[in-house]
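# What the coordinates show
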Amino acid sequence: MSHALRTSAARLAQWALSVTLGLAVVAVCAAQAAVPVYGYRIKATFPHDDQAYTEGLFYLNGDLFESTGQEGRSFLRKVRLKDGAVLQSQAIPPGLFGEGIVNWGDDIISLTWQDGFGFRWDLKTFARKAVFQYPGEGWALTQDGKSLIMSDGTPYLRFLDPVTLKEIRRLKVTADGQPVMRINELEFVKGEVLANIWLTNRIARIDPKSGKVTGWIDLTGLPETKLSLDADSVLNGIAYDREHDRLFVTGKNWPHLYEIGLTSPQEP
């Protein structure tokens, strides 16, 4: 595939022209009417690099770890929460489109979009330790303490062995029986998987046993959702501070990262 095609704009065009996607979106929107929809309140606002095309995000030991996408702009970074300063950075090899990341032990595991392989990095030094392969696309990663959980843009979550990185099982994600497409950035929070749904302002709350969406978090109204940003600058990025029970969200090229609290579901 040419360099021109392997851009985020190409990915947008590919999905926009897909009749299958159009039908899937209709099905998901219909399902959203029945699944509870939670609101939010902003508890704190932090700076975020508006040149960071956020693909992966997690919080660990007081700092954020972020991966960015787009060829030539893909980095693994350690970021200070309070001011958004980049404390540490490692470029993804040239020509690759960086995607999701997750911590496991002394490592960070990262994905690439369409290249079919990922990396294992040293958590402290960001030195590359190993390369692994997987079929299909790589979109996002999180972990539940036992397995790594991976999204690939389809309605399926893959559960991986954290040591061998081999697939253990797949879980189909549905909302009122309909498959949920475009599952993107992930975070495991209090026994459920939170997932950005690409090109929407919603986060799905997914039961990791059944695959059912038990609720939607509608983040419409965050300042960046109302700005005339480019088509790629969408909501994407969830991180959770377990020690202090703080939930953070941001988006691609957003100038802010938000700590949010959930509010009661809206009436149907």
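## What to know about the overall build of the protein
Looking only at helices and strands, the protein features 3 helices and 22 strands. Put simply, the protein has 268 residues, and 56% of those count as buried. At a minimum sequence separation of 6, the contacts of the protein that also span at least 24 residues come to 53%. Carbon and sulfur atoms form 54% of the exposed surface of the protein, whose accessible area is close to 11,600 Å².

## Concerning the sheet that holds strand E5 (residues 86-91)
Adjacent strands of a sheet pair through backbone hydrogen bonds, lying either parallel or antiparallel. Read across the sheet, 4 strands follow the order E2-E3-E4-E5 without closing on themselves; strand pairing throughout is antiparallel. Across the chains shown, the open sheet's two edge strands, defined by having one partner strand only, are strand E2 (54-60) and E5. Strand-to-strand twist across the sheet, computed as the mean angle between neighbouring axes with direction ignored, equals 15°. Of the strand pairs in this sheet, strand E3 (residues 63-68) and strand E4 (residues 75-80) are connected by 5 bridges, and their pairing is antiparallel. Looking at E4, one finds that Glu-66 is bridged to Arg-77.

## As for the nonpolar core
Membership of the largest hydrophobic core comes to 20 residues, with the highest contact counts inside it found for Leu-157, Val-180, Ile-183, Leu-186, Ile-206, Val-213 and Trp-216. Going through the elements one at a time, strand E12 (156-160), strand E16 (183-189), strand E17 (192-197), strand E18 (202-206) and strand E19 (213-218) are the ones with two or more residues in this core. With 16 residues, the next largest nonpolar core counts Ile-217, Leu-219, Leu-222 and Ile-238 among its residues.

## Structural notes on the sheet that holds strand E8 (residues 117-122)
Pairing in this open sheet of 4 strands is antiparallel, and the strands run E6-E7-E8-E9 from one edge to the other. A strand with exactly one partner marks an edge of an open sheet, and here the two such strands are strand E6 (98-104) and strand E9 (128-133). Between one strand axis and the next, the sheet turns through 20° on average, direction left out of account.

## Notes on the side chain of Glu-66
Considering the arrangement of structural elements, one finds Glu-66 in strand E3. Exposure remark for Glu-66: the relative accessible area of 2% places this residue in the buried category. Of note is the side chain of Glu-66, whose polar atom sits 2.6 Å from the side chain of Thr-54. In this view, Glu-66 contacts His-48, Ala-52, Thr-54, Gly-56, Leu-57, Phe-75, Leu-76, Arg-77, Val-79 and Ile-101; residues no more than four positions away in its chain are not counted.

## Overview of the environment of Gln-266
With respect to the secondary-structure elements, Gln-266 resides in the segment after strand E22 (256-265). Expressed as a C-alpha distance, the spacing of Gln-266 and Tyr-38, which sit 228 residues apart in the sequence, is 6.2 Å.

## Thoughts on the pattern of salt bridges
One pass over the structure, following the stated rule, counts 15 salt bridges. For Asp-63, the salt bridge goes to Lys-78, with nearest N and O atoms at 3.8 Å. With a gap of 15 residues between them, Asp-63 in strand E3 and Lys-78 in strand E4 connect regions that are remote in the sequence. Taking the relative accessible area as the measure of exposure, Lys-78 reaches 23% and is therefore partly exposed. We note a salt bridge from Arg-170 to Glu-167, for which the minimum N-O separation is 2.6 Å. By relative accessible area, Arg-170 is classed as partly exposed at 42%.

## What to know about the packing of aromatic side chains
Evaluation of the coordinates by the stated rule reveals 10 aromatic pairs. Considering the side-chain rings of Phe-58 and Phe-65, the 5.0 Å spacing of their centres and the 10° angle between planes classify their relative orientation as stacked. Assessed through its relative accessible area of 3%, Phe-58 is described here as buried. The exposure class assigned to Phe-65 is buried, which follows from its relative accessible area of 4%. With a centroid separation of 5.8 Å and an interplanar angle of 90°, the aromatic rings of Trp-139 and Trp-198 are classed as edge-to-face. A residue pair is termed long-range when its members are at least 10 positions apart, and Trp-139 in the loop between E9 and strand E10 (140-143) and Trp-198 in the loop between E17 and E18 qualify at 59 residues. Each member of the pair, Trp-139 as well as Trp-198, carries the same accessibility label: buried.

## Side note on the confidence of the model for the protein
Per-residue pLDDT for the protein averages 89, and the proportion of residues at 70 or more is 86%. In this model residues 1-6 is a low-confidence stretch, pLDDT under 50, and it forms 11 contacts with partners more than four residues away in sequence or in other chains. In the model, residues 13-32 has pLDDT below 50 throughout and makes 20 contacts with residues more than four positions away in sequence or in other chains.

Criteria and thresholds
Residues numbered from 1 in each chain as written. Predicted model: local features only at pLDDT ≥ 70, side-chain atom pairs only at ≥ 80, totals over all residues. Heavy atoms only, no water. Helix = DSSP H or I, 4+ residues; strand = E, 2+ residues; numbered from the N terminus. Buried < 20%, exposed > 50% of the residue type's maximum accessible area, 1.4 Å probe, protein only. Contact = heavy atoms within 4.5 Å. Areas by Shrake-Rupley, 256 points an atom, 1.4 Å probe, with all protein chains shown as cover. Pairing = 2+ DSSP bridges. Axes fitted to C-alpha atoms, helices over the stretch in contact; angles between N-to-C directions. Core = buried A, V, L, I, M, F, W, Y, C linked by side-chain atoms within 4.5 Å. Polar contact = N/O pair within 3.5 Å; in protein donor to acceptor, adjacent residues only side chain to side chain. Salt bridge = Lys/Arg side-chain N within 4 Å of Asp/Glu carboxyl O. Phe/Tyr/Trp six-rings, centres within 6.5 Å; stacked < 30°, edge-to-face > 60°. pLDDT = per-residue confidence, 0-100.

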